[in-house]
Amino acid sequence: MCNCSPLLNAIDAYIAKKDNDLTGQLKRAGFVKPQQMVRDIGRLEDGIQGILQDEIDYYAEEIRRAGDIQSFNAPKVKEKDDTKSKLNGLFYAVFGGHMLTYSNAYMKTVEPDLTVDRLSQRTLNWTERWSDHLSSIMQDTSINEVDRILAAGMHDNKNIHEVIADLMDSGAINSYYRARQTAVTEMLRVSSYASNESMMQ
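1. Digging into the packing of aromatic side chains
In step 1: Taken as a whole and judged by the stated rule, the model has four aromatic pairs.
In step 2: Seen in terms of ring centroids, F91 and F95 are 5.4 Å apart; in terms of plane orientation they differ by 10 degrees. Their pairing is stacked. With a gap of four residues between them, F91 and F95 both fall in helix α5 (residues 83–110), about one helical turn apart. The same class applies to F91 and to F95, which are both buried.
In step 3: Among the aromatic residues, ring-to-ring pairing joins F91, F95, W126 and Y193 into one connected group.

Here it is, written out as structure tokens:
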């Protein structure tokens, strides 16, 4: 069993965008395709970040249209928020696509002549369930933050411009850190699950 402290430190540094050796630490910890994994983390981060930005733009525009906080129909606006659907689609595509690549790479480390050409039903089911669950968690976090900002705005008698500014500055919704942390965590999860998939096959 490896000493994971250096890897954890490298992950924290990567999330904080400090100089680090995440690729090297992933390799030393036994993860396959560490360079590709870091690239995949970056792509997933960009995807998440774009969706979260779309979400904040959506709420800001709906508040602007309402004219004031009291007229903002939060339940109706939330009902039309498609962030969960977008995240679900992104996660399902990324998890499913990379799972096969990583599973095959893990297989090659123990059985070079064997190939993983399809995922088990168990893994496919997990990919679908986790994509849906994770996207729900992320949207709920965003909605809770919107509710907090609206409540604070009403309490402090803020105008819509001030509320929108608070929304745009919100760390829980429009956060590079949030997208980066999720991307790192989930790609490590996918790689670990892919290792188990290769062993099952």
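So that's the structure; there's more coming.
2. Section: helix α7 (residues 160–168)
Since the α-helix turns once every 3.6 residues, residues separated by three or four places project in the same direction.
In step 1: Turning to α7, its buried residues are I160, V163, I164 and L167. End-on view of α7: buried residues confined to an arc of 100 degrees, all on one side of the axis.
In step 2: On its buried face, α7 is in contact with α3 (34–66) and α6 (121–155).
In step 3: With a side-chain oxygen lying 3.0 Å from the backbone nitrogen of H161, the N-terminal cap of α7 falls on N159.

3. Quick word on the environment of T185
In step 1: For T185, the location among the structural elements is in helix α8 (residues 176–200).
In step 2: Note on T185: relative accessible area 36%, which makes it partly exposed.
In step 3: Measuring from C-alpha to C-alpha, the distance between T185 and I41 comes to 8.9 Å, with 144 residues separating the pair along the chain.
In step 4: A distance of 2.9 Å separates the side chain of T185 from the backbone oxygen of Q181, its partner in a polar contact.

4. A word on the pattern of salt bridges
In step 1: All told, the structure shown has twelve salt bridges when counted by the stated rule.
In step 2: Two residues, E61 and R65, come together in a salt bridge whose shortest N-O distance is 3.4 Å. Here R65 and E61 lie together in helix α3, a separation of four residues that amounts to about one turn.
In step 3: The partner of E145 in a salt bridge is R148, and the shortest N-O contact between them spans 2.7 Å. A residue pair is termed a helical-turn pair when its members lie 3 or 4 positions apart in one helix, as E145 and R148 do in helix α6 at three residues.
In step 4: Judged by its relative accessible area of 13%, E145 falls in the buried class.
In step 5: The class for R148 is partly exposed, based on a relative accessible area of 47%.

5. Here we look at the side chain of T127
In step 1: Residue placement: T127 occurs in helix α6.
In step 2: T127 gets classed as buried once you look at its relative accessible area, which sits at 1%.
In step 3: Sequence-distant contacts of T127, defined by excluding residues within four places in its chain, comprise Y92, F95, G96 and M99.

6. Looking at the packing of α3 against α7
In step 1: The contact between α3 and α7 brings their axes to 10 Å, and the two run at 175 degrees. In terms of their interaxial angle, α3 and α7 are classed as roughly antiparallel. Here α3 contributes Q53, I56, D57, Y59, A60, I63 and R64 to the contact with α7, which in turn contributes I160, V163, I164, L167 and M168.
In step 2: Looking at the contact of α3 with α7 residue by residue, the class counts come to nine nonpolar, one polar and two charged.

7. A short note on the nonpolar core
In step 1: M37, L44, I48, F91, F95 and Y102 are the most contacted members of the largest nonpolar core, which totals 33 residues.
In step 2: Counting residues per element, the ones that place at least two in this core are α2 (22–28), α3, α5, α6 and α8.
In step 3: Residue contributions to this core peak at nine residues, all from α5.
In step 4: With near-sequence residues (within four places) excluded, I48 lies in contact with L87, L90, F91, M138, A179, T182 and A183.
In step 5: The next biggest cluster of nonpolar side chains, apart from the first, holds 16 residues, and it includes A60, I63, L150 and L167.

Rules used in this analysis
Residues numbered from 1 in each chain as written. Predicted model: local features only at pLDDT ≥ 70, side-chain atom pairs only at ≥ 80, totals over all residues. Heavy atoms only, no water. Phe/Tyr/Trp six-rings, centres within 6.5 Å; stacked < 30°, edge-to-face > 60°. Helix = DSSP H or I, 4+ residues; strand = E, 2+ residues; numbered from the N terminus. Buried < 20%, exposed > 50% of the residue type's maximum accessible area, 1.4 Å probe, protein only. Arc of directions from axis to C-beta. Contact = heavy atoms within 4.5 Å. Polar contact = N/O pair within 3.5 Å; in protein donor to acceptor, adjacent residues only side chain to side chain. Salt bridge = Lys/Arg side-chain N within 4 Å of Asp/Glu carboxyl O. Axes fitted to C-alpha atoms, helices over the stretch in contact; angles between N-to-C directions. Parallel < 35°, antiparallel > 145°, perpendicular 65-115°, else oblique. Nonpolar A, V, L, I, M, F, W, Y, C, P; charged D, E, K, R; others polar. Core = buried A, V, L, I, M, F, W, Y, C linked by side-chain atoms within 4.5 Å.

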